[in-house]
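Overview (structure and organization)
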Amino acid sequence: MANFLNNTVISNNNSSISSNEKNIIVTICIHLVMPCAVAVGIIGNLLSILVFARREMIKFCVSIFTIVLALSDILLLITSLFNIILPEYSNSLSDTSAFWCHFHGYFDLLFAAISGYSVVFISVERWFSVWKPFDKAKYVTFKSTLITVISYTLISSLFFAWFPLILSYNPKQPQIGERCKLIQATVYRIFGTISVIFTYIAPFIFLGILNILIVYRLHTRQQTSIQHSLKVTKTANRTDSSLATTSIRKRQQRQRNTDRNITFMLITIAIAFMVMSFPFQIYWFYMQIRQLTTPDPTLFTLTQTFRYLNCCCNVFLYSATSSLFRRELREIFHCSNSSKTKQNTLKTKNTARTIILSTTTAAAQSINNEQSPPEYKSLLKTTTTIDNLKTKDSTNGHTVSFKS
C-alpha cells in the first residue's frame, strides 16, 4: 500500500524515517532499487500491453485480464513514485496538495486490488481451460470477461471510499509532515485490516486453491496423454490411419501445446504475485497484533520494495515461460525495423527510378535527332529562323514580320 502506513500512522513524518532512522538498506531500496523498478516496470508493462493486444494473443480472453494487470501495475508504480521515492528528495506531495493527502492511500489500495483480482481471474480462466474445456466457451467469453473486469474495478473503487474520509489536511500548519493528519485512528485500524484482507489475503487464498487444482489437473492430464500416445502408437502399427485423421490429431496437439504454454506462463505470474506480496501481509498483521503505531523503516521499505518488484517482473516471466509471447515480442521489434527498412528502400527505388527515367528521356531525344531525315532538319531550322525574325519594334510599337 505504498505510503499507506508511512503517511498516516506516523503522520506522514518522512524526516523521522529518512533522517533519524535511515540505514543503508533503506537508502539502497529507495534511491536505487525502487526507481529502477518503476522505470523498468513502466516500460515492461507497456511492452506487455502491445504484445497481448496483437492479433495472435487477443483472441484469448485471458489477454484482457493481462492487459488490465499491466495497466494497474503501471498506475501502482506511478503512485509509489509520488508516495515513497519523490518525498526523499523534496517535500511530500501530501503536504502540498489536499487532494493527494486524502487520496494517496486510496489509489494505492485501488490499483493493488485491481492487480490482485486480475491475477485471480487469470487463474479462474485457466481453471476452466484445464478442468472444464468444453464448458469454457459457454462461460468465458469476451463479453463476460469485460463485465468481470468492470465489476471488480467498480467494487474496488467503492470498497476503499472510506480512506479519504479519515484524513484531514491543514495547509496553515507550519511544520512539514503535520499538514496531512489521521483523524480517525480506530476507523483506520478496523477498515485497514479489512482492506488488507480484501486486497491481499483473499486473492492469496483464491490463487493458492486455484493453482493447486490447475497443477494437479495438468499432471494428471500429462500422465493420461502419455498412456494414450502409447496406445495410439500400437494401434497405428497395425492399421494405417488416414491423412485427415493425422492432420486433425496434429492440429489438436498444437492447440494443446499452446494452451499448456499459456497456462504455465500464467501460473508463474500467479505464484510470483503470491510470493512477492506475502511479506507485506505478514508485516501488516504483525503490526496490528503488536499494536505498533510506527513501522520499522527497514522492514517497511523491504516489504514495499518486494511489492513494486512484482509489478516490474511480469514481462520477464512472460518472456521466460512462453515461446508464444517471445515470438510476438520479436514480431513487434521486427515490424518496427522492417518498416524503417521499407521506407529507406522505397526512397532508394524512387531516386533510382527518377535517374533512369531522366537518362532514358535524354537518350531517346538524342537518338531521334540523329535519326531524323535532312528535310525534317531543314524544316526545323527554317521554323526557328522565322520565329527569331518576328520582333517587335519598341520605338513605334509596330510588329515587323519577315516571310520566307
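Residues numbered from 1 in each chain as written. Predicted model: local features only at pLDDT ≥ 70, side-chain atom pairs only at ≥ 80, totals over all residues. Heavy atoms only, no water.

So, the overall build of the protein
Scanning the protein for helices and strands turns up 14 helices and four strands. Scored against the burial criterion, the 404 residues of the protein give a buried share of 39%. Of the contacts made within the protein by residues no fewer than 6 positions apart, 81% connect residues no fewer than 24 positions apart. For the protein, the exposed area adds up to about 23,000 Å²; of that, 65% sits on carbon and sulfur atoms. (Helix = DSSP H or I, 4+ residues; strand = E, 2+ residues; numbered from the N terminus. Buried < 20%, exposed > 50% of the residue type's maximum accessible area, 1.4 Å probe, protein only. Contact = heavy atoms within 4.5 Å. Areas by Shrake-Rupley, 256 points an atom, 1.4 Å probe, with all protein chains shown as cover.)

Let's talk about the packing of aromatic side chains
Applying the stated criterion to the full structure yields 26 aromatic pairs. Judged by centre distance (5.7 Å) and plane angle (65°), the ring pair of Y106 and F107 falls under edge-to-face. The pair Y106 / F107 is uniform in exposure class, with both members buried. Members of the aromatic cluster, joined through ring pairs, are F82, F99, W100, F103, Y106, F107 and F111. Cation over ring: R217 sits above W131, and NZ or CZ is 4.8 Å from the ring centre. It is R307 that lies over the ring of F280; its NZ or CZ is 5.5 Å from the centre. (Phe/Tyr/Trp six-rings, centres within 6.5 Å; stacked < 30°, edge-to-face > 60°. Lys NZ or Arg CZ within 6 Å of the ring centre and 35° of its normal.)

Notes on helix 6 (residues 98-131)
In an α-helix, one turn spans 3.6 residues, which is why side chains three or four residues apart end up on the same side. For helix 6, spanning 34 residues, the distance from its first C-alpha to its last is 50 Å, which sits close to the expected 50 Å at 1.5 Å a residue. Burial analysis of helix 6 places 26 of its 34 residues in the buried class, which makes it a mostly covered element. Where helix 6 begins, the capping side chain belongs to S97, and its oxygen is found 3.4 Å from the backbone nitrogen of F99. (Expected span 1.5 Å × (residues − 1). Polar contact = N/O pair within 3.5 Å; in protein donor to acceptor, adjacent residues only side chain to side chain.)

Details of the confidence of the model for the protein
Close inspection of predicted coordinates is inappropriate for parts of the model with low pLDDT. Residues of the protein with pLDDT of at least 70 account for 68%, and the chain-wide mean is 77. In this model, residues 8-21 is a region of pLDDT below 50 whose contacts with residues beyond four sequence positions or in other chains number 39 contacts. Below pLDDT 50 for its whole length, residues 379-404 participates in 10 contacts with residues either more than four positions away or in separate chains. (pLDDT = per-residue confidence, 0-100.)

A short note on the environment of A272
On the secondary structure map, A272 appears in helix 10 (residues 243-290). Since its relative accessible area comes to 13%, A272 is described here as buried. Dropping the residues within four chain positions of it, A272 is found in contact with N310 and L317.

Quick look at the pattern of salt bridges
What the rule picks out here adds up to five salt bridges. Between R54 and E328 there is a salt bridge, with the nearest N and O atoms lying 2.7 Å from each other. Of the two residues, R54 is situated in the loop between helix 2 (24-52) and helix 3 (55-58) and E328 in helix 13 (residues 323-370); the sequence distance between them amounts to 274 residues. A salt bridge links K59 to E56; the shortest N-O distance between them is 3.4 Å. (Salt bridge = Lys/Arg side-chain N within 4 Å of Asp/Glu carboxyl O.)

Here's the deal with the environment of L75
One can find L75 in helix 4 (residues 62-85). Assessed through its relative accessible area of 37%, L75 is described here as partly exposed.

Some words on the state of the cysteines
Inspection of every chain in the model, using the stated rule, returns one disulfide. Here C101 pairs with C180 through a disulfide, and the sulfurs are 2.0 Å apart. Where C101 bonds to C180 through sulfur, the torsion about that S-S bond is close to 90°, and the disulfide is right-handed. With C101 in helix 6 and C180 in strand 2 (residues 180-182), this residue pair connects regions lying 79 residues apart in the sequence. Residue C101 is classed as buried on the basis of its relative accessible area, which comes to 0%. Its sulfur unpaired, C36 is 9.3 Å from the next cysteine sulfur, which belongs to C312. Judged by relative accessible area, which is 42%, C36 ranks as partly exposed. (Disulfide = S-S within 2.5 Å.)

Quick notes on helix 2
The first and last C-alpha atoms of helix 2 sit 39 Å apart over 29 residues, in line with the 42 Å expected at 1.5 Å per residue. By the largest-angle criterion, V33 marks the main kink of helix 2, which is about 35°, and a proline, P35, follows within four residues. Of the residues that open helix 2, the one with a side-chain oxygen 3.1 Å from the backbone nitrogen of I25 is N23. (Bend = angle between axes of the 7 residues up to and from the residue.)

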